[in-house]
Amino acid sequence: MKLVLATRNLGKVRELMDMLKSRCPQICSLQGFPDAPEVEEDGETYAENACKKATAIADYTGHLALADDAGLEVVALNGAPGVHSKRWAGEDATDEMRIAKLLAALEGNPNRDARFVAAVAIAKPNPLNVGRGKPVPRQAARFVGRGPVPRHADSTQVVIGVCEGHITLSPAGKGGFGYDPVFIPTGYDKTFAELGEECKNLISHRAKALELAIPLLELLLSR
């Protein structure tokens, strides 16, 4: 079975491809499905948004789909920007604009603690929905922890990954995307943007979520 990455964010596609290519030989992105629907990320949690994207793309393509939603939670901002990280500085804001707003909000605040959180959802296509304009209801999502892979993987499965760290005083580094230039993970002295993709893809919130998702993914791809 083919795996489709349910995102048009090229930075995410690159990260996910790097982390999954050795496990999933038949993997592709939405670039191969130019007419795939845009999925509005209007959920109240990362898990809701990830599930919504994964099920919509699985049903549209007829393939297994993997989607993620992630955000930056800053302690001094009561968890903001959180699930609204992408739209926090406006719908059309650039990464530079989001970072500028974040640093301005934290100016003079000694508490720079923050964490990245990622939800990764895996959805199988519903045969009743594939090729149809109006989808039928999907089963409720199940949340997979660190226990054994569930025997029955018919509903959308979601896992959560977290990376603790803190916000810098100014951006540093040219790699990554989003808030990477101002986030230093705990135990390191460089930002995600400085550490490089190879290191980031081992320790990031998305990497930790994928580590939990891979056993289920391998089970589904073997069927």
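Rules of the game
Residues numbered from 1 in each chain as written. Predicted model: local features only at pLDDT ≥ 70, side-chain atom pairs only at ≥ 80, totals over all residues. Heavy atoms only, no water. Buried < 20%, exposed > 50% of the residue type's maximum accessible area, 1.4 Å probe, protein only. Helix = DSSP H or I, 4+ residues; strand = E, 2+ residues; numbered from the N terminus. Pairing = 2+ DSSP bridges. Contact = heavy atoms within 4.5 Å. Polar contact = N/O pair within 3.5 Å; in protein donor to acceptor, adjacent residues only side chain to side chain. Salt bridge = Lys/Arg side-chain N within 4 Å of Asp/Glu carboxyl O. pLDDT = per-residue confidence, 0-100. Expected span 1.5 Å × (residues − 1). Bend = angle between axes of the 7 residues up to and from the residue.

*Asks:* Break down the pairing of strand β4 (residues 113-123) for me, with residues and values.
*Replies:* Of all 11 residues in β4, 9 are buried; the element is thus mostly enclosed. Of the strand pairs in this sheet, strand β3 (residues 64-74) and β4 are connected by 10 bridges, and their pairing is antiparallel. Paired with Val74 across the two strands is Ala114, which belongs to β4. Looking at chain direction, β4 and strand β6 (residues 157-167) are connected through 10 bridges and run antiparallel. Counterpart to Arg115 in the pairing with β6 is Glu164.

*Asks:* An account of the environment of Gly43 is needed here, citing residue identities and associated values.
*Replies:* Tracing the backbone through its elements, the reader meets Gly43 in the loop between β2 (27-29) and α2 (46-61). Looking at Gly43, the relative accessible area reads 13%, which means it is buried. On a C-alpha basis, the gap between Gly43 and Val83 in space is 8.4 Å, while along the polypeptide they are 40 residues apart. Residues contacting Gly43, with those up to four places away along its chain left out, are Glu48, Asn49 and Val83.

*Asks:* Describe the side chain of Thr191, and please don't skip the residues or the numbers.
*Replies:* Its place among the elements puts Thr191 in the loop between β7 (183-185) and α4 (192-195). Accessibility expressed as a relative area gives 1% for Thr191, which makes it buried. Within the structure, Thr191 has its side chain in polar contact with the backbone oxygen of Ala172 (distance 2.7 Å). When near neighbours in sequence (up to four residues on either side) are disregarded, Thr191 contacts Thr168, Ala172, Asp180, Pro181, Val182, Phe183 and Ile184.

*Asks:* Got a sec to walk through the pattern of salt bridges? Specific residues and values, please.
*Replies:* This model, assessed by the stated rule, comprises 11 salt bridges. The partner of Asp42 in a salt bridge is Lys52, with the nearest N and O atoms 2.8 Å apart. Taken as a pair, Asp42 in the loop between β2 and α2 and Lys52 in helix α2 lie far apart in primary sequence, 10 residues in all. Here Asp180 makes a salt bridge to Lys200, at a shortest N to O gap of 2.4 Å. You can see Asp180 sitting in the loop between β6 and β7 and its partner Lys200 sitting in helix α5 (residues 197-203), a full 20 residues away along the chain. Per residue, the accessibility class of Asp180 equals that of Lys200, and both read buried.

*Asks:* With reference to specific residues and values, describe helix α1 (residues 10-20).
*Replies:* For α1, every residue scored as buried is listed here: Gly11, Lys12, Val13, Glu15, Leu16, Met19 and Leu20. Here α1 starts with a cap whose side-chain oxygen sits 2.9 Å from the backbone nitrogen of Gly11, and that cap is Asn9.

*Asks:* Could you give an account of the confidence of the model for the protein chain, naming the residues involved and the relevant values?
*Replies:* Here the protein chain averages 86 in pLDDT, while 87% of its residues score no lower than 70. Of all the helices and strands in the protein chain, strand β5 (residues 142-143) carries the lowest mean pLDDT, 50, while β7 carries the highest, 98. Here residues 144-153 is a poorly scored stretch, pLDDT under 50, and it has 19 contacts once near neighbours within four places are set aside; other chains count.

*Asks:* Would you mind going over helix α6 (residues 205-221) in detail, with residue names and values included?
*Replies:* Its 17 residues place the ends of α6 23 Å apart at the C-alpha level, agreeing with the 24 Å of an ideal helix rising 1.5 Å per residue. For α6, the principal kink sits at Ala213 and spans about 45°; a proline, Pro215, occurs within the next four residues. Counting buried positions along α6 yields 12 of 17 residues, so the element is predominantly enclosed. Inspection of α6 places His205, Arg206, Ala207, Ala209, Leu210, Leu212, Ala213, Ile214, Leu216, Leu217, Leu220 and Leu221 among the buried residues, and these make up the whole buried set.

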